[in-house]
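Next come the chains, spelled out residue by residue.
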Amino acid sequence: MDLRIFTEPQQGASYDTLLTVAKATEALGFDAFFRSDHYLAMGSADGLPGPTDAWITLAGLARETRRIRLGTLMTAGTFRLPGVLAIQVAQVDQMSGGRIELGLGAGWFEEEHRAYGIPFPKEKFGRLEEQLEIVTGLWETEAGKTFTFHGTHYQLIDSPALPKPAQDKLPVLIGGHGAKRTPRLAAKFADEFNIPFASVEDSERQFGRVRAAAEEIGRKGGDLVYSNALVACVGKDDAEVARRAAVIGRDVAELKANGLAGSPDEVVDKIGRYAEIGSSRIYLQILDLDDLDHLELISSKVQSQLA
């Protein structure tokens, strides 16, 4: 079971804070550092000092880290033109020496689009499918040849399809709860399918849908990595769990029901339940980025048992 650190910087984090967490992620033996792609805080958070851009952040971290994988859960398809996104991700992959993964989603938070003047189209899923066709198509085009695409939403004519990522196959992540279109897209384009904030039972159903969709197009269901994203709130005792829950404004009972909360042994046991239904990777949503002791505890008392 891979454990990855997943951050939500729109809730309030500077680049320096993210760099500190990423370096701790690497030093403590976690597999990867991922971040969300949002420009506006949600809920009661003030979001100070303001948003950071996902791919500018990852470009910086690409030069400041050496081992960990880096990526997004999920890049919003509404924020970037697909040809530009393909260039950005390929360049950051080169900067990292081939450690980048692209999570790509349709985009959903309308309020942040209004706040920053970003168009919020009604038809987002069809755009996402074309974006996936374009990004992967550009990367897969043989050097010296061009890429052309005629879609409903995007047109590319004789693109040189450059630059290429450092990796021969840069992993693409697709995720979500949709019962039909999401599994079909994952089966066609994804190297990894991620379901965020879902129960063991809901995860098992969705993983089954993705496997079935893959097999329908002649792909083995086991070709994909299956993963979960879950909020983490771990403490050495009940008092520490309660303190960490209070800092992020959550109830302990709710966190235990819907996330990975409690003692290290409790969390290891729950991760085991996800492993039993085919999940091999957990993205630990860390909401208090100043609490590096939390990461150290998870590393020493949870990750060590999973190893």
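Scroll up a little and you will see the structure.
Within any chain, residue numbers begin from 1 and follow the written order of that chain's sequence. The predicted nature of this model means local features are confined to residues of pLDDT at least 70 and side-chain atom pairs, given and counted, to a pLDDT of 80 or more, with totals for whole chains, interfaces and linings taken over all residues. Hydrogen atoms and water are omitted, and side-chain values are computed over all heavy atoms in the structure.

Observations concerning the side chain of glutamine 10
Turning to its location among the elements, glutamine 10 is positioned in the loop between strand 1 (2-7) and helix 1 (15-27). By relative accessible area, which is 4% here, glutamine 10 ends up buried. Among the polar contacts made by the side chain of glutamine 10, one reaches the side chain of serine 36 at a distance of 2.6 Å. Note on contacts: a residue pair is in contact if any heavy atoms of the two residues lie within 4.5 Å. Excluding residues within four positions of it along the chain, glutamine 10 makes contact with Ser36, His38, Leu40, Ala41, Met42 and Gly47. Secondary structure elements are defined from DSSP: runs of H or I of at least 4 residues count as helices, runs of E of at least 2 residues count as strands, and each element is numbered from the N terminus. Remark: exposure states derive from per-residue accessible area (1.4 Å probe, protein chains only) relative to the maximum for the residue type, with buried under 20%, exposed over 50%, and partly exposed in between. Polar contact is the term for a pair of N or O atoms within 3.5 Å; when the atoms are in protein, one must be able to donate a hydrogen and the other to accept it, and sequence-neighboring residues count only if both atoms are side-chain atoms.

Digging into the packing of aromatic side chains
Here is the rule: rings of Phe, Tyr and Trp (six-membered ring for Trp) pair when centre to centre is within 6.5 Å. Planes less than 30 degrees apart are stacked, more than 60 are edge-to-face, and the remainder are tilted. Within this structure, the stated rule accounts for seven aromatic pairs. Aromatic pair tyrosine 39 and phenylalanine 79: ring centres 4.7 Å apart, planes at 25°, arrangement stacked. A residue pair is termed long-range when its members are at least 10 positions apart, and tyrosine 39 in the loop between strand 2 (32-35) and helix 2 (54-64) and phenylalanine 79 in the loop between strand 4 (75-76) and helix 3 (82-96) qualify at 40 residues. Each member of the pair tyrosine 39 and phenylalanine 79 is classed as buried. Put simply, a charge is over a ring when the Lys NZ or the Arg CZ is close to the ring centre, within 6 Å, and near the line of the ring normal, within 35 degrees. The ring of tyrosine 226 carries arginine 211 above its face, with NZ or CZ at 4.4 Å from the centroid.

Some words on the layout of surface pockets
Taken as a whole, the largest pocket encloses approximately 1,300 Å³ of empty space. Secondary structure elements with two or more residues in the lining of the largest pocket: strand 4, strand 5 (100-105), helix 5 (125-140), strand 8 (172-175), helix 6 (181-189), strand 9 (192-196), strand 10 (225-234) and strand 12 (281-286). Gly is placed with the polar residues, together with every amino acid not listed as nonpolar (Ala, Val, Leu, Ile, Met, Phe, Trp, Tyr, Cys and Pro) or charged (Asp, Glu, Lys and Arg). A class-by-class count of the residues in the lining of the largest pocket yields 24 nonpolar, 18 polar and six charged. Think of a 1 Å grid over just the protein atoms. A cavity is a set of points where a 1.4 Å probe fits yet cannot get out, a pocket is an open set with protein on both sides within 12 Å along at least five of seven lines, and lining residues have an atom within 4 Å of a point. Grid points are joined across faces, edges and corners, and a volume is the space filled by probe spheres set on the points. Here the second largest pocket defines a volume of roughly 170 Å³. As for the second largest pocket, its lining consists of Gly77, Thr78, Phe79, Arg80, Leu81, Ala106, Pro119, Pro121, Lys124, Arg127, Gln131 and Tyr154.

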